[in-house]
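Structural description and commentary
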Amino acid sequence: MVFQKVSIYKILYYINTGQSKGIDEVVESVQVGLDKYQMKSSSRNALIFNTSVMLFIQEKFEQCVKWNTRIIKGKKYITRRDIKNGVFLLNLIAVFELDELDEFEAELRKVNRYFSKRGMIEPNQFEKRVINSFKLINSAPTAALNSMLNDLKDYLVEIRNDTTIKVSLGLDELILLWVKSKLEKKSIIQQLKDQNVMSAN
């Protein structure tokens with residue numbers, strides 16, 4: 001389907017480059033297309049998830065949460081486990097960024113229930129480590145925050161070469177961008193652009 005291919009191309013452009021101009025128009029066109037066209041649920045969910053990732057990178061966290069919710073709550077959007085796992089973790093961080101304590105704690109309980117129900121919370125699970133890190137980060141005093149962020153950063157770098165740890169949809173790299181943005185006080189977009197410059201050299 002032309003709509004799907006063009007939309008994915010545009011979304012991946014924004015994800016990979018960190019450009020911002022025209023992003024609202026892309027989000028609107030995806031919304032219109034999802035309402036208008038019929039497509040396989042797997043294709044629909046991939047499009048929704050990639051839109052959420054794009055919005056996360058742009059730090060449009062409230063919009064990101066709304067798009068994630070389409071997969072989390074809607075029976076119409078039941079999807080592959082890897083996408084749903086990714087959406088739950090991405091949403092946890094996006095809700096954290098909204099700086100609403102009650103909402104974050106409710107989201108944390110929801111995420112724990114989801115993974116525990118599926119028997120995926122194990123000692124070496126990527127998901128378990130990320131969830132536990134955010135529990136600590138959320139309750140950390142200001143003086144200890146950077147230390148906890150650095151611990152998460154070290155873990156995310158370490159698992160790059162560990163084939164025993166399975167990560168849904170490359171979320172380790174996305175979360176690493178987020179952690180670095182906090183530690184270095186730069187936007188996620190700037191982190192991405194800096195990373196692209198380093199890769200090109």
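This text goes with the structure placed above it.
For the structure given in this document, a descriptive report is provided here. Treat the numbers as computed from the prediction; the structure is a model and nothing was measured.

1. Some details on the pattern of salt bridges
- On inspection of all chains with the given rule, the structure shows five salt bridges.
- Of the charged contacts in the structure, one is a salt bridge between Lys182 and Glu97, with a shortest N-O distance of 2.8 Å. Taken together, the residues span a long stretch of sequence, with Lys182 in helix H9 (residues 171-184) and Glu97 in helix H5 (residues 81-97) at a distance of 85 residues.
- A salt bridge links Asp194 to Lys186; the nearest nitrogen and oxygen atoms lie 3.0 Å apart.

2. Some words on H5
- Here H5 spans 25 Å end to end across 17 residues, near enough to the 24 Å set by a 1.5 Å rise per residue.
- With 14 of 17 residues buried, H5 is to be regarded as a mostly interior element.
- A positive phi of about 60° marks Asp99, the residue just after H5.

3. Examining the nonpolar core
- Core analysis: the biggest nonpolar cluster contains 61 residues, and Phe56, Phe126, Phe134 and Trp178 have the highest contact counts within it.
- The element contributing the most residues to this core is H5, with ten residues.
- Residues contacting Trp178, with those up to four places away along its chain left out, are Phe56, Ile93, Phe96, Glu97, Phe134, Leu149 and Ile188.

4. Here's the deal with the packing of aromatic side chains
- Applying the stated rule across the entire model yields nine aromatic pairs.
- With centroids separated by 5.3 Å and ring planes inclined at 35°, the aromatic side chains of Phe3 and Tyr37 adopt a geometry described as tilted. On the criterion of sequence distance, the pair formed by Phe3 in helix H1 (residues 2-17) and Tyr37 in the loop between helix H2 (23-36) and helix H3 (41-57) is long-range, its members being 34 residues apart.
- The class for Phe3 is buried, based on a relative accessible area of 13%.
- Tyr37 gets classed as partly exposed once you look at its relative accessible area, which sits at 34%.
- Plain terms: the ring middles of Phe134 and Trp178 are 5.1 Å apart, the flat faces sit at 40° to each other, and that makes the pair tilted. Taken together, the residues span a long stretch of sequence, with Phe134 in helix H7 (residues 126-139) and Trp178 in helix H9 at a distance of 44 residues.

The rules behind each value
- Residues numbered from 1 in each chain as written.
- Predicted model: local features only at pLDDT ≥ 70, side-chain atom pairs only at ≥ 80, totals over all residues.
- Heavy atoms only, no water.
- Salt bridge = Lys/Arg side-chain N within 4 Å of Asp/Glu carboxyl O.
- Helix = DSSP H or I, 4+ residues; strand = E, 2+ residues; numbered from the N terminus.
- Expected span 1.5 Å × (residues − 1).
- Buried < 20%, exposed > 50% of the residue type's maximum accessible area, 1.4 Å probe, protein only.
- Core = buried A, V, L, I, M, F, W, Y, C linked by side-chain atoms within 4.5 Å.
- Contact = heavy atoms within 4.5 Å.
- Phe/Tyr/Trp six-rings, centres within 6.5 Å; stacked < 30°, edge-to-face > 60°.

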